[in-house]
Amino acid sequence: MRDNANDPLVLSDAILAWYDVHARNMPWRVPPQNRRAGQMPDPYRIWLSEVMLQQTTVATVKSYFEKFTARWPTVRDLAAAKDADVMAEWAGLGYYARARNLLKCARTVDQDYGGAFPADHAELLKLPGIGPYTAAAIASIAFDLRHTVLDGNVERVMARLHDIHVPLPASKPILMEKADALTPADRPGDYAQAVMDLGATICTPKSPACGICPWRDPCTARAEGTAAGLPKKTPKKAKPTRHGTVFLAQRADGAWLLETRPDKGLLGGMLGWPGSDWIDVGHPLPEAPPPCAAEWQLIDGEVRHTFTHFHLILHVFRAQVAIGTKPETGEFRDAAEFKPTDLPTVMRKAFDLAR
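The structure displayed is predicted, hence computed values, not measured ones.

**Section: the overall build of the protein**
Point 1. When its secondary structure is counted, the protein shows 14 helices and seven strands.
Point 2. Projected onto its principal axes, the C-alpha positions of the protein cover 80 × 45 × 30 Å.
Point 3. Across the 355 residues that make up the protein, the buried fraction comes to 48%.
Point 4. Pairs at least 24 residues apart make up 68% of the contacts formed inside the protein by residues separated by at least 6 positions.
Point 5. Of the roughly 17500 Å² that the protein leaves accessible, carbon and sulfur atoms contribute 52%.

**Let's talk about the pattern of salt bridges**
Point 1. All told, the structure shown has 20 salt bridges when counted by the stated rule.
Point 2. With a shortest N-O distance of 2.7 Å, Asp 20 and Arg 187 are connected by a salt bridge. Taken together, the residues Asp 20 in helix 1 (residues 8-22) and Arg 187 in the loop between helix 11 (172-182) and helix 12 (188-201) connect sequence positions 167 residues apart.
Point 3. According to the relative accessible area criterion, Arg 187 is buried, its value standing at 17%.
Point 4. The partner of Asp 342 in a salt bridge is Lys 339, and the shortest N-O contact between them spans 3.9 Å.
Point 5. What makes Asp 342 buried here is its relative accessible area of 11%.

**Concerning the packing of aromatic side chains**
Point 1. In this structure the tally under the stated criterion is 16 aromatic pairs.
Point 2. Seen in terms of ring centroids, Trp 47 and Phe 117 are 5.1 Å apart; in terms of plane orientation they differ by 45 degrees. Their pairing is tilted. Placement of Trp 47 in helix 3 (residues 43-53) and of Phe 117 in the loop between helix 7 (97-112) and helix 8 (121-125) is noted, with a sequence separation of 70 residues between them. The pair Trp 47 / Phe 117 is uniform in exposure class, with both members buried.
Point 3. Residues Phe 307 and Phe 310 carry aromatic rings whose centres are separated by 5.1 Å and whose planes lie at 35 degrees to one another, so their mutual orientation is tilted. As far as burial versus exposure is concerned, Phe 307 and Phe 310 are alike and both buried.
Point 4. What links up through ring pairs into an aromatic cluster is the set Trp 256, Trp 273, Phe 338 and Phe 351.

**Let's talk about the packing of helix 3 against helix 7**
Point 1. Orientation of helix 3 relative to helix 7, taken along the N-to-C sense of each, is 160 degrees, at an axis distance of 10 Å. Regarding the angle of helix 3 to helix 7, the classification is roughly antiparallel. When the axes of helix 3 and helix 7 are compared, the crossing they make is right-handed. The residues of helix 7 that touch helix 3, namely those facing Trp 47, Leu 48, Val 51, Met 52 and Leu 53, are Arg 98, Leu 102, Cys 105 and Ala 106.

**Side note on the packing of helix 3 against helix 4 (residues 58-71)**
Point 1. The geometry of helix 3 relative to helix 4 is characterised by a closest axis approach of 10 Å and an angle of 135 degrees between their N-to-C directions. Classified by the angle their axes make, helix 3 and helix 4 are oblique. Considering the relative orientation of helix 3 and helix 4, their crossing is right-handed. Judged by residue contacts, Tyr 44, Arg 45, Leu 48, Ser 49, Met 52 and Leu 53 of helix 3 engage Val 58, Val 61, Tyr 64, Phe 65, Phe 68 and Thr 69 from helix 4.
Point 2. Residue classes in the contact of helix 3 with helix 4 are distributed as nine nonpolar, two polar and one charged.

**Some words on the nonpolar core**
Among soluble globular proteins, nonpolar side chains are generally buried collectively.
Point 1. Trp 47, Phe 117, Met 158, Trp 215 and Trp 273 are the most contacted members of the largest nonpolar core, which totals 95 residues.
Point 2. The biggest single contributor to this core is helix 9 (residues 132-143), with eight residues.
Point 3. What Trp 273 contacts, discounting residues up to four positions off in sequence, is Val 246, Phe 247, Leu 248, Trp 256, Leu 257, Leu 258, Glu 259, Phe 338, Leu 343, Met 347, Ala 350 and Phe 351.
Point 4. Formed by ten residues, the second largest nonpolar core is a distinct cluster that contains Leu 257, Trp 296, Ala 319 and Phe 332.

**Considerations on the pairing of strand 6 (residues 311-321)**
Point 1. Across the eleven residues of strand 6, nine count as buried, placing the element largely inside the fold.
Point 2. Pairing of strand 1 (residues 241-251) with strand 6 involves eleven bridges; the strand directions are parallel. For Val 246, the partnering residue across the bridge sits in strand 6 and is Val 316.
Point 3. Sheet analysis places strand 4 (residues 297-298) next to strand 6, joined by two bridges and oriented antiparallel. Bridged to Gln 297 within strand 6 is Arg 318.

**Looking at helix 11**
Point 1. Every buried residue of helix 11 is listed here: Leu 175, Ala 179 and Leu 182. Looking straight down helix 11, one finds that the buried residues subtend no more than 60 degrees of arc, so they occupy a single side. Along helix 11, the residues that are exposed and aim more than 90 degrees away from the buried face are Pro 173 and Glu 177.
Point 2. At its buried positions, helix 11 is contacted by helix 1, helix 10 (152-161) and helix 12.

Conventions adopted
- Residues numbered from 1 in each chain as written.
- Predicted model: local features only at pLDDT ≥ 70, side-chain atom pairs only at ≥ 80, totals over all residues.
- Heavy atoms only, no water.
- Helix = DSSP H or I, 4+ residues; strand = E, 2+ residues; numbered from the N terminus.
- Buried < 20%, exposed > 50% of the residue type's maximum accessible area, 1.4 Å probe, protein only.
- Contact = heavy atoms within 4.5 Å.
- Areas by Shrake-Rupley, 256 points an atom, 1.4 Å probe, with all protein chains shown as cover.
- Salt bridge = Lys/Arg side-chain N within 4 Å of Asp/Glu carboxyl O.
- Phe/Tyr/Trp six-rings, centres within 6.5 Å; stacked < 30°, edge-to-face > 60°.
- Axes fitted to C-alpha atoms, helices over the stretch in contact; angles between N-to-C directions.
- Parallel < 35°, antiparallel > 145°, perpendicular 65-115°, else oblique.
- Left-handed = near helix turned anticlockwise from the far one by under 90°.
- Nonpolar A, V, L, I, M, F, W, Y, C, P; charged D, E, K, R; others polar.
- Core = buried A, V, L, I, M, F, W, Y, C linked by side-chain atoms within 4.5 Å.
- Pairing = 2+ DSSP bridges.
- Arc of directions from axis to C-beta.

Below is the structure:
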């Protein structure tokens, strides 16, 4: 029996014992008791969940994941899907480059790997949209290979466990070294999920529940009273504010004028309203030619939305147009075929304001 509280094997044993009792119920996860009985996770479901969870909360992802897997239950089903259908189902999850890479990756797995994700970290890294974190997560969780997973939850746990005060992102190599030292050869997939669960439910950003933590005794930051302030982060630069204009035209038969945005750039491949570029400076109403001749009315109010690197203010014009109107850009979509939920969040906000 190991009795050194700081022994990596003691630490991994302790958190695995905790996970066996307290593992969160996730629609993509195989519970630890089932895994010990021989049931392995579906790599497709692990990959899909990890892509969805990038920059998005578990609570938000669950419903999207369940809809995706009901409609496309295998990676080959997803590979055969229409781009527009996938982008519509993705609407609201944000970071739309992930959806484009999702399709590229599914099609690569289908065409180059026979519809099965490779059980090899180096091969996983070759797939579109899969970086070091996602490759490690799939390799460990789906295939039980010993690879170290370092997400925001794990960074916080490691920073507190070892009382590391170097701010992020400079501390990432240190935190990875600490996390790797604790990753066991036995049950690395369950261990990865255990540490992530610990960060999400106990070692939380604010008010960590140290009293019920399985790593309470060896945690240096708890002993030093510094846990609540870790991990430290380098202050971010203030986000600039950009302005833009969108035009919402509805035909007399109820059809709406929409465009598919270019594949590259923000909201790439998504449905949207015709409008101007988004600019940092200048007139608060950026000039852009309307997509068709009409009596355009500026709607009172404005749409505000925040992206990763900037805030956006959209000014919304609306017009009713006649049947037979020929737009300069975009095309009319019948009212029966248009669902506001197919729009990315910022474009849906514009629709809500105009409506």
